[in-house]
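Breakdown of the fold
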Amino acid sequence: QVQLAESGGGLVQAGGSLRLSCAASRLLFSTATMGWFRQTPEKEREFVAGIRWNGGTTTYADSVKGRFTISRDNAKNTLYLQSNNLKPDDTAVYYCAAYPNFWSGTYSPNRVTYWGQGTQVTVSS
């Protein structure tokens, strides 16, 4: 069974940084388009960043552009999200997501094949 395991969340002050990781197992990682989503109790799960299976194209939500960077290491089957200049509004549970092999469509949560269990990020003001 495919597993996506996030790590790296925690409590950080505004302006600080965190690097989230998502380790994939039993997944053909090198052909999987991957994404990061986040969710709070008040909001629906929202797209944060995505990276195509070949690593050539990245996409970001407007709210994180210029502050977050998504990357992948296919040799380690690991997805990353470098989050800089964090703001209190970034507080959420962050989820790793895997799309179907060679996915080139939209980063809709409805198209996700596998979800991680989530990691909490809390940014204090």
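Residues numbered from 1 in each chain as written. Predicted model: local features only at pLDDT ≥ 70, side-chain atom pairs only at ≥ 80, totals over all residues. Heavy atoms only, no water.

**Re the overall build of the protein chain**
Across its full length, the protein chain carries zero helices and eleven strands. Ordered by position in the sequence, the α and β elements of the protein chain form the string β-β-β-β-β-β-β-β-β-β-β. Rg of the C-alpha trace for the protein chain: 13 Å, near the compact-globule value of 14 Å for 125 residues, within the 12% margin. Counting only C-alpha atoms and orienting by the principal axes, one finds that the protein chain spans roughly 40 × 25 × 25 Å. Taking all 125 residues of the protein chain together, the buried fraction comes to 45%. Contacts in the protein chain between residues far apart in sequence, at least 24 positions, make up 58% of those at least 6 positions apart. Here the protein chain contributes 12 positive and 8 negative side-chain charges, whose respective centroids are spaced 8 Å apart. (Helix = DSSP H or I, 4+ residues; strand = E, 2+ residues; numbered from the N terminus. Rg over C-alpha atoms; globule rule 2.2 N^0.38 Å. Buried < 20%, exposed > 50% of the residue type's maximum accessible area, 1.4 Å probe, protein only. Contact = heavy atoms within 4.5 Å. Lys, Arg positive; Asp, Glu negative; His and termini not counted. Charge placed at Lys NZ, Arg CZ, Asp CG, Glu CD.)

**Quick notes on the pattern of salt bridges**
In the structure shown here, the tally under the stated rule is four salt bridges. For Arg-38, the salt bridge is made with Glu-46, and the minimal N-O distance between the two is 2.6 Å. Residue Asp-90 is joined to Arg-38 by a salt bridge in which the shortest nitrogen-to-oxygen separation is 2.9 Å. With Asp-90 in the loop between strand S8 (78–83) and strand S9 (92–101) and Arg-38 in strand S4 (residues 32–39), this pair connects stretches of sequence that are 52 residues apart. Judged on exposure class, the residue Asp-90 and its partner Arg-38 are both buried. What emerges from the salt-bridge pattern is a single network uniting Arg-38, Glu-46, Arg-67 and Asp-90. (Salt bridge = Lys/Arg side-chain N within 4 Å of Asp/Glu carboxyl O.)

**Some thoughts on the sheet that holds strand S7 (residues 68–73)**
Strand order across the open sheet formed by four strands is S1-S3-S8-S7, with antiparallel pairing between neighbours. At either margin of the open sheet sits one strand with a lone partner, and together these are strand S1 (3–7) and S7. Ignoring strand direction, the axes of neighbouring strands in this sheet form an average angle of 15 degrees. Summarising the sheet, strand S3 (residues 18–25) and S8 pair through six bridges and their orientation is antiparallel. Across the sheet, the residue bridging to Leu-20 is Leu-81, located in S8. (Pairing = 2+ DSSP bridges. Axes fitted to C-alpha atoms, helices over the stretch in contact; angles between N-to-C directions.)

**Looking at the nonpolar core**
Buried together is how nonpolar side chains tend to be arranged in soluble globular proteins. Ranked by size, the top nonpolar core spans 29 residues in total, and within it Leu-27, Met-34, Trp-36, Leu-79, Leu-81 and Tyr-94 carry the most contacts. Looking at this core, the elements that each hand over two or more residues are S3, S4, strand S5 (46–51), S7, S8, S9 and strand S11 (119–124). (Core = buried A, V, L, I, M, F, W, Y, C linked by side-chain atoms within 4.5 Å.)

**Comments concerning the environment of Val-123**
With respect to the secondary-structure elements, Val-123 resides in strand S11. Of the residues examined, Val-123 reaches a relative accessible area of 5% and is grouped as buried. C-alpha of Val-123 to C-alpha of Asp-89: the two residues are 34 residues apart in sequence and 7.6 Å apart in space. Apart from the residues within four sequence positions on either side, Val-123 is in contact with Val-12, Gln-13, Ala-14, Leu-86, Lys-87, Pro-88, Asp-90 and Thr-91.

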